[in-house]
Amino acid sequence: MLHASTTPRGTASTHTGVRRPTRRRRLLSASLAALLTTSLLGLASQASSAAPRPAPAAAGHDPVIMIPGMTGTPSNMNSMKSNLQTNGWPADRLFTWTDTSSMTQDLAKAAQQLSVKVDQVRSQTGADKVVLATWSASTLAARYYIKNLDGGDKVSQYIGFAGPQHGTTNNGCQWYVSCQQFASPNTPFLKALNHPSEVPFNDRIDYLTIRSTADINATPVDTAKLAGADENHLMSGPTAPNHLMIISNAAALAKMRSFITAHEND
């Protein structure tokens with residue numbers, strides 16, 4: 001019987017010959033594994049490069065603060081708010097608001113409260129500027145805010161619906177302080193507000209007014225115009241809305257939307 005320690009030298013070459021194919025198989029297996037890994041990495045790379053890259057997020061609309069007129073409540077602006085939301089404005093960028101007097105008292109004080117509201121909306125949304133969508137008496141409070149407070153740097157667009165920008169002949173409401181302020185073109189409030197420019201900071205703020213021939217509250221009809229505005233839009237004909245309906249009129253709201261989007265990158 002032969003033990004391993006006494007194996008004849010002649011058999012050594014036999015053992016060596018057996019080990020060589022095993023080593024070659026190991027080398028071949030390693031090469032195949034490396035080749036497979038490289039192929040898989042290549043396929044993954046191709047798949048990654050072939051996958052569509054996400055488009056950059058579109059810039060959002062500036063927040064819109066919608067403000068009713070004298071004796072109005074924020075709910076008066078719900079139709080406008082719903083219209084904007086239906087047409088792509090996020091709900092968290094839409095705000096309805098009025099001052100503590102419902103625009104019946106000194107409009108300069110209403111403007112001070114508006115300043116607080118604008119700052120609150122900017123802080124809440126992270127936006128630099130807001131759009132002011134105003135109606136009737138609030139058109140004046142908003143312009144006062146822009147001109148005399150800090151609105152020049154915080155408002156991107158001003159939209160005035162049926163505003164008594166130069167007073168109104170329908171002024172039988174003078175038990176309200178605000179009505180006294182726009183009772184005629186020559187009130188101290190309006191003379192100061194409209195001089196030297198009716199569109200303060202128009203180099204950085206876009207102005208739109210919307211008025212209607214069917215409006216018997218803000219009269220004459222051209223009182224609602226602003227000299228120097230980007231656009232003074234007149235609605236006329238049998239479908240022209242009255243003073244109360246202009247803020248929910250589909251055509252008026254379409255004009256507002258198109259103006260906002262057209263001027264967002266100014």
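Scroll up a little and you will see the structure.
Residues numbered from 1 in each chain as written. Predicted model: local features only at pLDDT ≥ 70, side-chain atom pairs only at ≥ 80, totals over all residues. Heavy atoms only, no water.

### Re the nonpolar core
Working step 1: Grouped together as the largest cluster of nonpolar side chains are 32 residues, with contacts concentrated most on I65, M103, L114, L132, Y145 and Y207.
Working step 2: Elements with a contribution of two residues or more to this core: β1 (64-67), α3 (107-125), β3 (130-135), α4 (138-148), β4 (155-161) and α6 (188-193).
Working step 3: Broken down by element, the residue count for this core peaks at 6 residues, all from α3.
Working step 4: Sequence-distant contacts of I65, defined by excluding residues within four places in its chain, comprise F95, W97, K117, V118, V121, V130, V131, L132 and A133.
Working step 5: One finds M66, L84, L94 and A133 within the second-largest nonpolar core, a separate group that totals 23 residues. (Core = buried A, V, L, I, M, F, W, Y, C linked by side-chain atoms within 4.5 Å. Buried < 20%, exposed > 50% of the residue type's maximum accessible area, 1.4 Å probe, protein only. Helix = DSSP H or I, 4+ residues; strand = E, 2+ residues; numbered from the N terminus. Contact = heavy atoms within 4.5 Å.)

### Some details on the state of the cysteines
Working step 1: In this structure the tally under the stated criterion is 1 disulfide.
Working step 2: A disulfide bridge connects C173 with C179, and the sulfur atoms are separated by 1.9 Å. Sign of the S-S torsion, about 75 degrees for the bond between C173 and C179, identifies this disulfide as right-handed.
Working step 3: The exposure class of C173 is buried, given its relative accessible area of 12%. (Disulfide = S-S within 2.5 Å.)

### Some points on the pairing of β3
Working step 1: Among the 6 residues that make up β3, 6 are buried, leaving the element largely enclosed by the rest of the structure.
Working step 2: Neither face of β3 is open: one carries V130, L132 and T134, the other V131, A133 and W135, and all of them are buried.
Working step 3: Across 6 bridges, β3 lies against β4 in parallel orientation. Along β4, the bridge assignment pairs A133 with I159.
Working step 4: In this region the chain leaves β3, passes through α4 and returns to the parallel neighbour β4; the handedness of that crossover is right-handed. (Pairing = 2+ DSSP bridges. Right-handed = clockwise from strand over helix to strand, strands pointing away.)

Just geometry here; none of it tells us what the structure is for.
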